[in-house]
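Coordinates in review
Chain residues, written in single-letter form:
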Number of protein chains: 2
Amino acid sequence: MSKSAKSFARKPAPDIAFDFSSGFGRGGITKALQNTYKKRLRLSLERVRREVANGELGFWKLPAVYGDKATLAPVRQAAKNLRSRFDNLVIIGIGGSALGARMLKDALAHPYHNELPDSKRKGMRLYLLENNDPAHFNALMSHLDLKRTVFNVVSKSGSTAETASQFILVRDILKRRFPDTWAQHLLFTTDPEKGILNKLAATDGIQTLDVPSDVGGRFSVLSPVGLLPALALGVDASKLLAGAEHMAQRCLSDSIADNPALAGALLHIIADQQLGRNMVVAFPYADGLKAWTEWFCQLWAESLGKAVDESGGEVHTGTTPIKTLGAIDQHSQMQLYMEGPDDKVFMFIRNESFGKPLAFPPKSRIPEALQYFAGHSMQELLLAEQTASRFALNEQKRMTYQVTLPKLDADTLGQLVFWAEAMTVFAGYLYGVNPFDQPGVELGKQFAYGLMGRAGFESFSRRIRGE
Amino acid sequence: MSKSAKSFARKPAPDIAFDFSSGFGRGGITKALQNTYKKRLRLSLERVRREVANGELGFWKLPAVYGDKATLAPVRQAAKNLRSRFDNLVIIGIGGSALGARMLKDALAHPYHNELPDSKRKGMRLYLLENNDPAHFNALMSHLDLKRTVFNVVSKSGSTAETASQFILVRDILKRRFPDTWAQHLLFTTDPEKGILNKLAATDGIQTLDVPSDVGGRFSVLSPVGLLPALALGVDASKLLAGAEHMAQRCLSDSIADNPALAGALLHIIADQQLGRNMVVAFPYADGLKAWTEWFCQLWAESLGKAVDESGGEVHTGTTPIKTLGAIDQHSQMQLYMEGPDDKVFMFIRNESFGKPLAFPPKSRIPEALQYFAGHSMQELLLAEQTASRFALNEQKRMTYQVTLPKLDADTLGQLVFWAEAMTVFAGYLYGVNPFDQPGVELGKQFAYGLMGRAGFESFSRRIRGE
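Further remarks concern the nonpolar core. Counting residues in hydrophobic clusters, the biggest one holds 333 residues, and the most contacted among them are W292(A), W419(A), W292(B) and W419(B). If sequence neighbours within four positions are ignored, W419(A) has contacts with F18(A), M247(A), P260(A), A261(A), W292(A), M347(A), Y401(A) and V403(A).

Shown next as structure tokens:
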């Protein structure tokens, strides 16, 4: 990994910083409590290190693998081709196949990217067909100029119902509209061997990109699943990967002080198991990180919410992630956070720089009652609010910690993404559960297949009908 | 109220329907458990009825008050004026001053409303300046054609920091850009008497609309706070109010079976206090209701998350609302919901009709592996998934209930909104807390003012600096 990492010419690192002091200190996690997790913590770290060394953790390899120019080249080339021939990129995907693209767009593209005229827009317009909501599907399809639109179907198996159902409709529309060239309006991102999309691609001459077989959906944003849309949007994918790789190195350290993924995992499991905090509030103060919280919520919930541990014992683990956005939710959720039950851990994410700080006008140009703003900037206000919110929660003995970004760009976002992934895996190992599976979603799927009359699922439809 | 209600010529009601059976039945709420709340329930209902009869519940009056043509007329006229002179409406507001507008746009406008060309767009483009995020502010201001833009500042007091800070910047930009006509680019929605905006409006000749003094932000969507943007968007405000008024009547019934607000409140309080469920998952299956969950989350969290009860006793009440969207979150949160701790109540919202059901192509036009979709529609699939998810959760003994909309339109949305408001108030009275205040947000504000150097808040900045 270190060899490939060299291919990045990384500038002096604008490291993201972590402050766990008010969790481990005043937040209630005593040294004695920490010590009771000492052995489990050591074993978890050893396991991660061993699995990383053996190349067994698929997602951990991604920053180095795609950081290699030769490996990234076909993705770059695919994005370049799309950009030269189309204006609109529509991702057909759901969950881990869509949330990463959404996060990257929110954090790194212009907030009104899709609305900008061509002259001001840096890359393709990006749309998502996630939910199989007929009203949304109809609206998007009638809105887009299909001649200028390419659809990227993202699914490892190709059989995810929401994705497959929208794909067959899109395919049918394209075939009728463009009888000779319809296949060029499609691009598949899928497992290189398994699944139904490869065969279709071969038959119909549709281009494909790979999701490595050993990487699951919610850990796949640093593979072509996220990199293709990133490049289509004009995002610097190399910087994203460099930031992630830098964090991957930090997360192998055996010192809690130097390893923010290990420290975070320890804080979360103690808060849950010993102190009754069954929720984690992802609380960034930056509009651009709103979709990051959605991405994180999948990662955390689906990885740690497990009925049985790795030895088969019934455990029902997992804390519930809550999407929150500062300062907006000071006017929505803060009342509950301050005065309600003490059942949450607060993960503040602070962005230190927003580009232009946006100075307020001088006193003479502000109505009298609001002149206290003069001499300050909007950035200063937002940062003051973040500091104040955390301080106020700490004063109520609520457990908080803080991640600080020197600024929000591809590099720091890469760090933030990889930190969350590594912390989630450490937490899984501390809980003793498998963070990479999702057996609990099968039952609902089977009932739905039964209701849809799919062959082989008749017993489920009978069960749901009470027969 | 009944007199004004007559001014609506309401068609045979497409009532939204409620199914609490798997909460009160298999969900664990026994008849005996219900009986222990009998007295509190009766007192809460009597209190609401008395307060409604005496006109003491400001928000309860809104559907009837604005349902009256004469009262709504100035709001209609204001919207008409804006529509004739501008293309873009920007709401400057946060929390209850913005979430209602966002909800109405998401549910009732085209999903790509702002992107549509004039010929296809039914009303004004609607943007929101909620968060004081400098990157977003800059991006929006440089994106819009200010000549064609009007800013609606929504704040009862006018001094909310996020709103005030963006307002003074916008005002300054407008004054320099349009020295003679800048005031016409502003519209204030504010308290008719208190607050700083009225004085400014009088001085500068800025038009104002009222937020009734006895209606708090999170209960204000059916006042001009929500009605002005609704009308600007081309939404049928009368239908919205008619649906709400219809629900207001239902929510005065003394029978649990006929009063879905009372039934819901009872279910929630028992689930929390007796069965350890400290979260409520708002789980609609319709893209258009995504922002409804954000609006609901404020309503629920800020109304019920209280440190002390009405007698001053320390209680720390409130369950935490969770935004979820089906089918998307089946691929994100469902694993945790199915297998993690049993600590949630699931509020499913089912939309029975999406307009076009969107039939899948016949078998001959679908790749072989996916032909089970043939003969079905996308709507059928989404509804099957909703049924299946709820059934699967019920099988795991998780507590669910369901609200069913015959379709999603202004009328049913009005019903859904008022139901949630009434249920929240009943829940507050059952908890014994004041659902209309928010004392817990003050401390954070004071710290922020201190950090910003505002006169009178010096002690807070000293405290935060550890002096």
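More follows now that the structure is in view.
What follows covers the sheet that holds strand β6 (residues 207-210) of chain A. All names here are of chain A. An order of β3-β2-β4-β5-β6 is seen for the five strands of this open sheet, with the pairing classed as parallel. Among the strands making up the open sheet, the edge pair consists of β3 (125-129) and β6. This sheet shows a mean twist of 20° between the axes of neighbouring strands, independent of strand direction. Relative to β3, strand β2 (residues 88-92) runs parallel, the two sharing five bridges. Each residue of the ladder has a partner; that of L89, found in β3, is L126.

For sheets, the rule is that strands pair by backbone hydrogen bonds, running either parallel or antiparallel. Residues and elements named next belong to chain B. Taking strand neighbours across the sheet as the criterion, the five strands line up as β3-β2-β4-β5-β6 in an open arrangement whose pairing is parallel. The open sheet is flanked by β3 (125-129) and β6 (207-210), the only strands paired with a single partner. Taken pair by pair, the neighbouring strands of this sheet meet at an average axis angle of 25°, ignoring direction. Examined bridge by bridge, strand β2 (residues 88-92) and strand β4 (residues 149-154) share five bridges and lie parallel to one another. Following the sheet pairing, L89 is matched in β4 by V150. Contacts from helix α9 (residues 161-177) reach β2, β3, β4 and β5 (186-190) within the one sheet, and its direction differs from that of β4 by about 150°.

Moving on: the relation of the copies chain B and chain A. When chain B is fitted onto chain A, the two copies agree to an RMSD of 0.0 Å after a turn of 180° and an axial shift of 0.0 Å. What we have between these two chains is a two-fold relation. When the interface residues of chain B are mapped onto chain A, 99% of them are again interface residues, pointing to one common binding face.

Inspection of the entire model under this criterion finds 56 aromatic pairs over all chains. On the basis of an interplanar angle of 25° and a centroid distance of 4.3 Å, the ring pair of Y372(A) and F373(A) is categorised as stacked. Residue Y372(A) is classed as buried on the basis of its relative accessible area of 14%. Relative to F457(B), the ring of Y449(B) has its centre 5.0 Å away and its plane inclined at 50°; by these criteria the two rings are tilted. Grouping residues by exposure puts Y449(B) and F457(B) together as buried. Stacked on the ring of Y372(A), the Lys or Arg R454(B) has its end atom at 4.2 Å from the ring centre. Over the face of the ring belonging to Y449(B) we find R454(B), whose NZ or CZ atom lies 4.4 Å from the ring centre.

Residue placement: M334(B) occurs in helix α15 (residues 334-339). The class for M334(B) is buried, based on a relative accessible area of 5%. In this structure, the C-alpha to C-alpha distance between M334(B) and G276(B), residues 58 residues apart in sequence, is 20 Å. With residues up to four places along the chain from it excluded, the contact list for M334(B) reads V441(A), F283(B), D329(B), S389(B) and L393(B).

The interface of chain B with chain A comprises 124 residues on the first partner and 123 residues on the second. Of the roughly 10700 Å² buried where chain B meets chain A, counting both sides, 64% is carbon and sulfur surface. Counting across the chain B and chain A interface gives six salt bridges. E395(B) is the salt-bridge partner of R463(A), the closest N and O atoms lying 2.6 Å from each other. Run the count over chain B and chain A and you get 48 residue pairs in polar contact (both at pLDDT 80 or more). Examining the composition of the side of chain B that touches chain A, we find that 12 residues originate from one element, helix α16 (residues 378-395) of chain B, more than from any other.

Before going further, it helps to spend a moment on the packing of helix α6 (residues 69-85) of chain A against helix α11 (residues 224-233) of chain A. Relative placement of two packed helices is described by the angle separating their axes and the distance separating the axes. Residues and elements named next belong to chain A. Running from N to C, α6 and α11 point in directions that differ by 45°, and their axes come no closer than 9 Å. Judged on the interaxial angle alone, α11 and α6 are oblique. Crossing angle aside, the handedness with which α6 passes α11 is right-handed. Contacts from L72, V75, R76, A78, A79, L82 and R83 in α6 reach P224, L227, L228, L231 and A232 in α11. In terms of residue class, the contact of α6 with α11 is built from 10 nonpolar, no polar and two charged.

Scoring rules and cut-offs
- Residues numbered from 1 in each chain as written.
- Chains lettered and ligands numbered in written order.
- Predicted model: local features only at pLDDT ≥ 70, side-chain atom pairs only at ≥ 80, totals over all residues.
- Heavy atoms only, no water.
- Core = buried A, V, L, I, M, F, W, Y, C linked by side-chain atoms within 4.5 Å.
- Buried < 20%, exposed > 50% of the residue type's maximum accessible area, 1.4 Å probe, protein only.
- Contact = heavy atoms within 4.5 Å.
- Pairing = 2+ DSSP bridges.
- Helix = DSSP H or I, 4+ residues; strand = E, 2+ residues; numbered from the N terminus.
- Axes fitted to C-alpha atoms, helices over the stretch in contact; angles between N-to-C directions.
- Least-squares fit on C-alpha atoms with pLDDT ≥ 70 in both.
- Phe/Tyr/Trp six-rings, centres within 6.5 Å; stacked < 30°, edge-to-face > 60°.
- Lys NZ or Arg CZ within 6 Å of the ring centre and 35° of its normal.
- Buried area = accessible area lost by both parts, 1.4 Å probe.
- Salt bridge = Lys/Arg side-chain N within 4 Å of Asp/Glu carboxyl O.
- Polar contact = N/O pair within 3.5 Å; in protein donor to acceptor, adjacent residues only side chain to side chain.
- Parallel < 35°, antiparallel > 145°, perpendicular 65-115°, else oblique.
- Left-handed = near helix turned anticlockwise from the far one by under 90°.
- Nonpolar A, V, L, I, M, F, W, Y, C, P; charged D, E, K, R; others polar.

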